[in-house]
Structures are given as structure tokens and as C-alpha cells.
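Fold and contact review
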Amino acid sequence: MNNKDLAKNVLDLVGGEQNISGLTHCATRLRFVLKDDNKADLKALDQLEGVLKAQNSGGQVQVVIGAKVDAVYSEVKNLTSDHIGELTESTDSGPKKRRNPVNVVLETIAGIFTPVLPALVGCGMIKCLATVITAMGYLEGSGFLTIINMIGDCIFYFMPFFLAVSAANRFKTNPYLAVALAAGLMHPTILNAAAQIAETGVNSIDFLGMPILLMKYSSSVIPIILAVWIMSYVYPIVNRVIPKFLQVLLTPMIVLFIMIPVELIVLGPVGSYIGDWLTNGINSLFSTAGVLAGAILGFFKPIMVMFGMHYAIMPIQVQQVATLGATVLLPTALAANLAQAGAAFGVFVLTKSKTMKSAAASSGFTALFGITEPAIYGVTLKYKRPFFAGCLAGGLVGGFYSLVHTTANAISLPGVLAIGTYSSDRYMYVVIGCVAAVVLGFVFTLLAGIKEDTDGNKSKQQATNKVNSNQTVVASEVTPASVLSQTSTSSDMLIVSPMTGEIKPISEVEDQAFAQELMGKGIAIVPTDGKVYAPFDGVVEALYRTKHAIGLKAANGVEILIHIGVDTVSLKGKYFNAHIEQGQTIKAGDLLVEFDPEGITSAGYNTITSIVVTNMQQYGDVLTTATSGPIRESEPLIKLIP
């Protein structure tokens, strides 16, 4: 499935364009704020080709895509045409409902910091380069190194401007007035006077009898967020009071006349004190219970990533770097990320599935560079034990980093490319911790195992019982399969055909996700009638709204996907009639879906149907009865080898 088709499907499964009130993305996931979360089909999103995980967390529907998220995000914007801006800025949030305040805060923080991440990471990596050059003793005092350091520092020095824009978008207020508020905090009148307090002894400016404290806001986080948030309420109030013909002239003037003194007199100092309290509080925690604090954060960091909560500590990290020059939080994230990489490499060694080996290797390397979602959602969390093995390794190394006082002097992706920004009692400790995190994650995973053999034995016994009682099982979205072995045993699991037609190798399906085995192993059938039957007793895990694809799960855990036709999602359900609902219990032989092959063909779509095993990693091999020839419904089609 290409990026455009994936974007179409995601847009449909979150309830369509009209259900979206906000949209952004980070390094690995699309983040939707929906008017009605109930309209989002999370199970269908979870099974959508190209999606690693879908979840509702922090008030957002998060669709984890992986490395190509930016391209998919662009396609979603293209599909919504010029309306994407209206979706972001719209004040219509649909039916109002009570929301968890913690979720609201987390969602707000993520929404503000996510758009700033590219600049944060970019400047952080430049800072890393400058640190490495300085440590090697090259170009000391040169103009080149001066400019490199300037680039690395620019986002921190001008942080209020960056956050003003993203906060204005988040709070749905005028971004240019928000930038003006940032300019009020950053004006030389304030900054220069604050820098000269020691010389002049003047620490405030009188404004109508009220003192404006002279403080340095160049690297602050909270003051500008508070100011833009308050302005989002002040602006519409002022706009309502002013006559329409004077709004262009008077509204901006009055808003700025109110807000800049308010932010300088109240919000700026309060926000700065809050930031200092948070920063000092974290530092005090690490100084008094550093090993325990580091271990806890190192252990729970992957869990926070799962729920999108890792952005909650971003303001503290930024504030620490801005005010103290370093943060104690990023080293625990580095430990956690590298530990998950090691766990993924452990799965690579343990798994018998070629598809999972490929996924484990690629996502493990991605995690080494600081992006763990593919490893977590695509590999370690599938087996559970490797995920927690990685958490344990991350906790141990996080505690070690705290013990040796490891810090990071720049905000960057916590991966091996950024280790130049880390320091410790001895720099060798940083390297030792990196190696230990990967090795421990790897070793703990080998010790814990992935339960592949255990699950296979369970399935083996269940399959034997199924065969003896004339019950069979099916497969999900997969790629080319081997021809059925003549030496297969009675303990193998048989899957019968859900339809009548002509067998074709799945490599002939004109969809690369199926043809190249990206979805797993299976077979294809060109149907001769328009009926799909249940191949076993089980549950309908997913029924796509367009009715062209069905996800089924057997009682013994086998999961299959039946995908009718190629790109038939574009038909939007035309020519399809479903006889089942998602979550419904089914019996072998039940009629699931009827479709009109002639109508689909006349509309210009191919009816070739892919039948694949989606949890193939739990089995030794997936074989097919033949690669060509006729087959009737309920005849043996696929055999799973434990």
C-alpha cells in the first residue's frame, strides 16, 4: 500500500475529515484530536497495512506509522486539501464531554512541543558536532566553530518565539500576536537591564505603580505558553467588544496593551519560578535518590512512549538545558532506547520467522539512533517478554548513569549519534552505559525467550483437537508461501478456503504489501462467486467499513486477514454486503460477506483475494496446498507448521 492509500484509509478509519479538530505528527506517529473518539476504529487501524499501532492516549488518537510518518502526514494534508488549516484552527470541537485534566495537560504539552521537535533535534545534533570538534581540539577559537556553536544555541536563546507559534496553533489564537508576546519577553529593554542588575542594582521597572521584574526569558518555556494561553481568551473577548469596523485597528492594539504588561508583571515571573522549581526539584531528586530515580525513569521510559507521555517531561528537559546547561533526564532515555534496541536484536536471534527477523533487525538499528516506536510496537511488545527485558536493562543502566552523574548538554534524539552531547564523571562511563544497555537488553531477552516454541506447542495441541473435530483455522495478510510438504504431520494446523475460485501465488497480487511478503505468508484466490465463508470457529476481530477486508481470530489464537480485491477500499463499500459485525462470534461455514465480482470488475478493480496469516511469527512455517488450480470453499488451503 502506498502512502496515499494509507493516508486515505487512516482518514476514513478516524471518522473522516469532518471528525478531525486537530492534527499533527511527531517522529513516528500521526496525532489526531477528534470531535468524537468513538468514530475512530482503533482495531481496524491497528490491522491496517503500514500501521504499527493505533491507540487513544492523552486525549489523542495516535496512529504509529514509523519512519515514513512525514510522507503519510503530507498525504493526509493533501487529501484534506485547503481544509487542513480549518481543521487545525477550527473552534468547533463537536459534542463537549468531560475529559481527564491530566490527559488535557499531556495532550497540550505534546501539541506544543511536537512541531518544535525538528528544530530542537537539529540544533541538538549541531551542538553534538560542536562538542566533538571542541573535544578533539580542532578549530579552537575559529570562526567556523563560533558559528557552529551559534547554530546549536539558537533555538534555546530564542525559545519563546518557537513556542509562541506552536502554542498559538494549539490554543487556536493569532500566531502573529503570540510572536509579539514573545518579542515582549525578549526585548533588549528587558534582557539588557536584567543582565546589568549586578552593576546597576536595579531589578525592576515601574509600570503604573506595578513593578516589572527584570528577568532573563531568552531560554524560558513556561512564561510564553501561559501568556499565549491567556491571550487565547482575551483576544475573542476584546474582539466582541470592539465594533466590527474598528476591529482591525483596535483589537490587536488593546490585546497587546493588556497582555504584554500582564506577562511581564505576572505570567513571566510566575512561569519562570515554576520552571525553576521543576528544574531544581528534579535535580534535588537525582541528588538525593539519584540511582533510584534514574532506574525508575529508565525502566518506565518505553511505557511512557507507548502512551505518548514522554512529551510531558520535555519542558523540564528544555528548562534544565536552558538554565543549567545540562539535563539529567535525557541519559535515562538514552539507556531505555538502547536497551530496547538490544531486546529487538535478541528477538532477531530467537525468532524463526524470516519476516520478524527482518523487522527486528531494522527496528533495532532505528532504536540505536533514538527512535524506538518501530522496535516497541513492531517487535518487542508483540512477545511482551523482550519488551520488559528491555525495560529492566534500561532501568539498570539508567540507575548507573545517575550514579556516575551523567548529563546531556543539548536536546537531541537519545541515540548513539548524540553521545557527544553527554558527559559524566568520566566520559568512558557514557560509552560503557551505551554498550551495557544494548548488551543487557539482548541478554535478558535471550534469557526470557519469546515463547515462540511454547505458543507453538499450545497451538499444536489445539490444532490436533480442531482437526479431529473437523474444525479448521485460517491465515492473515502475508506474502508468497511454500508448497505444502508431503511430510506434514497430523499435528499441523489446517486452514480451509473461505471461498471458491482459482488459486494463485500471492506474488501475483498487484499490491506490493502482499506480493513482497511484507504482511506475512499466505495465498491468493481469484473468486468464481461472490461469497466469503468462515473457515473456522472464532471471532470477527475487524470488519472494515468498506467491507472489503475482514480480520478473523480462531479460538486457538490463529489470526488471518481476508482482503477482497486490490484497492477496493476506493469503492467505499459499493458491491459489498456484510452479514457479520465486528466482535461477532462466528462458526465455521457461516456466510461472512457477499460481493458482486462482475460489478467490481466493471468498475475497473481486480477481484483477486489475499488470504494471509497475520501472526505468522508464532509458527515455524506457513505452507499452501498448491500454487495454482481450482479450489472450493471448505477445502484445505493453508497448513501452519508449529
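What counts, and at which threshold
- Residues numbered from 1 in each chain as written.
- Predicted model: local features only at pLDDT ≥ 70, side-chain atom pairs only at ≥ 80, totals over all residues.
- Heavy atoms only, no water.
- UniProt positions renumbered as here; feature names shortened; annotations may be inferred.
- Core = buried A, V, L, I, M, F, W, Y, C linked by side-chain atoms within 4.5 Å.
- Buried < 20%, exposed > 50% of the residue type's maximum accessible area, 1.4 Å probe, protein only.
- Helix = DSSP H or I, 4+ residues; strand = E, 2+ residues; numbered from the N terminus.
- Contact = heavy atoms within 4.5 Å.
- Pairing = 2+ DSSP bridges.
- Axes fitted to C-alpha atoms, helices over the stretch in contact; angles between N-to-C directions.
- Expected span 1.5 Å × (residues − 1).
- Bend = angle between axes of the 7 residues up to and from the residue.
- Phe/Tyr/Trp six-rings, centres within 6.5 Å; stacked < 30°, edge-to-face > 60°.
- Patch = residues over 30% accessible without salt bridge, like charges linked within 9 Å, V, L, I, M, F, W, Y side chains within 5 Å.
- Areas by Shrake-Rupley, 256 points an atom, 1.4 Å probe, with all protein chains shown as cover.
- Salt bridge = Lys/Arg side-chain N within 4 Å of Asp/Glu carboxyl O.

Under an unreviewed UniProt entry, the name given to the chain is Beta-glucoside-specific PTS transporter subunit IIABC, and the source organism is Paenibacillus amylolyticus. As recorded by UniProt, the Subcellular location (unreviewed entry) comment attached to the chain reads in full: "Cell membrane".

1. Topic: the nonpolar core
Counting residues in each nonpolar core, the largest one holds 67 residues, and the members touching the most others are F113, L120, L163 and I224. In terms of residues, this core owes the most to one element, helix 15 (residues 330-350), which gives 9 residues. Discounting chain neighbours no more than four positions away, the residues touching F113 are L120, L163, V221, I225, M314, P315 and V318.

2. Remarks on the sheet that holds strand 17 (residues 576-578)
With respect to topology, 3 strands assemble into an open sheet ordered 13-19-17, the strand pairing being antiparallel. Two strands close off the open sheet at either side, each with one partner strand: strand 13 (531-533) and strand 17. Across the sheet, the mean angle from the axis of one strand to that of its neighbour is 15°, orientation sign disregarded. Pairing geometry for strand 17 and strand 19 (residues 591-595), over 3 bridges, is antiparallel. Within strand 19, the residue paired with N577 across the bridge is E594.

3. Brief notes about helix 12 (residues 222-241)
Between its first and last C-alpha atoms helix 12 spans 29 Å; for 20 residues at 1.5 Å apiece the expected length is 28 Å, and the two agree. The largest bend in helix 12 is about 30°, located at S232, with the proline P236 one to four residues further on. The set of residues buried in helix 12 consists of I222, P223, I224, I225, A227, V228, M231, S232, V234 and V238.

4. A word on the sheet that holds strand 20 (residues 609-613)
Taken in spatial order, the 8 strands of this open sheet run 18-14-15-16-20-12-11-22, and their pairing is antiparallel. Each edge of the open sheet carries a strand with a single partner, namely strand 18 (585-586) and strand 22 (629-631). Here 4 bridges tie strand 16 (residues 559-563) to strand 20, and the two strands are oriented antiparallel to one another. The residue bridging H563 from the neighbouring strand is S610, located in strand 20.

5. Examining the packing of aromatic side chains
Going through the model one piece at a time under the given rule, you end up with 9 aromatic pairs. Taken together, a centroid distance of 6.0 Å and an interplanar angle of 40° make the contact between F400 and Y401 tilted. Residue Y401 is classed as buried on the basis of its relative accessible area of 1%. Between F400 and Y429, the aromatic rings sit 6.1 Å apart at their centres with planes inclined by 80°, giving edge-to-face as the arrangement. Note that F400 is positioned in helix 18 (residues 385-403) and Y429 in helix 19 (residues 427-448), a separation of 29 residues in sequence. Taking relative accessible area as the criterion, F400 reaches 25% and is therefore assigned partly exposed. One aromatic cluster is present, formed by Y157, F158 and F161 through successive ring pairs.

6. Examining the environment of L129
Tracing the chain through its elements places L129 in helix 6 (residues 117-135). According to the relative accessible area criterion, L129 is partly exposed, its value standing at 39%. Remark: the alpha-carbon pair of L129 and L145, spanning 16 residues in sequence, is separated by 9.6 Å.

7. Looking at a nonpolar patch on the surface
On the surface, F257, I258, V262, V266, V270, Y273, I274, W277 and L278 cluster together into a nonpolar patch covering about 810 Å² of accessible area. Note that W277 resides in helix 13 (residues 247-306).

8. Let's talk about helix 15
Compared with the 30 Å implied by 1.5 Å per residue over 21 residues, the 30 Å span of helix 15 between its first and last C-alpha is a close match. Counting buried residues in helix 15 gives 18 out of 21 residues, a clear majority hidden from the surface.

9. Considering unusual backbone geometry
We note that K172 has phi near 60°; this positive angle belongs to a residue other than glycine. Here K172 is to be found in the loop between helix 8 (159-171) and helix 9 (175-186). Despite not being glycine, K572 shows a phi value in the positive range, around 55°. Among the secondary structure elements, K572 is positioned in the loop between strand 16 and strand 17.

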